[in-house]
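If you want the building blocks of each chain, they are given just below.
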Amino acid sequence: MISVNRFITADDADALASTDLANVPGPGQLDIFLASTQNDSVFTFTGPGVEPVARLIRIGQRTNGQPSLADDVPYSVPVDTGHYTLNIDIVTAATVGIVAIYRSMEELVGGD
């Protein structure tokens, strides 16, 4: 499992760049939890060399911008090796919290 936790306060065209998830290491699942201090922030998620998997999806609002892994429903997508782009568009000045969790196929099926 690889987990990335970060906060941003400005638009970010590649929010997973320069993190441990800049490149997904292999087949598995990526769960993305997002929260914003404003209700008009959106995200677009694009896989390697393809059209966006999700485009302009509104990010849920939370007072502190901290996603709740217990209460929020993640955006979950099967992934393969490569670079995935998480583009965050902050319309009104806000703090956006990002928690991205990658689980390998082996972890998902109960292996090592």
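The following paragraphs examine the structure supplied in this document. (Residues numbered from 1 in each chain as written. Predicted model: local features only at pLDDT ≥ 70, side-chain atom pairs only at ≥ 80, totals over all residues. Heavy atoms only, no water.)

Observations regarding the layout of surface pockets
When its volume is computed, the largest pocket comes out at roughly 180 Å³. Forming the walls of the largest pocket are 14 residues, and the residues nearest its centre are Leu 34, Arg 58, Ile 59, Gly 60 and Val 73. Elements with a minimum of two residues in the lining of the largest pocket: strand E2 (28–36) and strand E4 (52–58). When residues in the lining of the largest pocket are grouped by element, the largest group, four residues, is from E2. Of the residues that constitute the lining of the largest pocket, the class distribution is nine nonpolar, two polar and three charged. (1 Å grid on protein atoms, 1.4 Å probe; cavity = no way out; pocket = protein on both sides within 12 Å on 5 of 7 lines; lining within 4 Å. Points joined across faces, edges and corners; volume = space filled by probe spheres on them. Helix = DSSP H or I, 4+ residues; strand = E, 2+ residues; numbered from the N terminus. Nonpolar A, V, L, I, M, F, W, Y, C, P; charged D, E, K, R; others polar.)

Section: the sheet that holds strand E7 (residues 96–104)
Paired through their backbone hydrogen bonds, the strands of a sheet run either parallel or antiparallel. Pairing is antiparallel in the open sheet, where four strands are placed in the order E1-E7-E2-E5. The open sheet is flanked by strand E1 (2–8) and strand E5 (75–79), the only strands paired with a single partner. In this sheet, adjacent strand axes meet at a mean angle of 15 degrees when their direction is disregarded. Bridging between E2 and E7 involves nine bridges; their strand directions are antiparallel. From the neighbouring strand, Gln 29 faces E7, where its bridge partner is Arg 103. (Pairing = 2+ DSSP bridges. Axes fitted to C-alpha atoms, helices over the stretch in contact; angles between N-to-C directions.)

Points about the environment of Val 99
Following the sequence through the fold, Val 99 ends up in strand E7. In sequence terms Val 99 and Thr 81 are 18 residues apart; their C-alpha atoms lie 20 Å from each other. The contact partners of Val 99, leaving out residues within four places of it in the chain, are Val 4, Asn 5, Asp 31, Ile 32, Phe 33, Gln 66, Pro 67 and Leu 69. (Contact = heavy atoms within 4.5 Å.)

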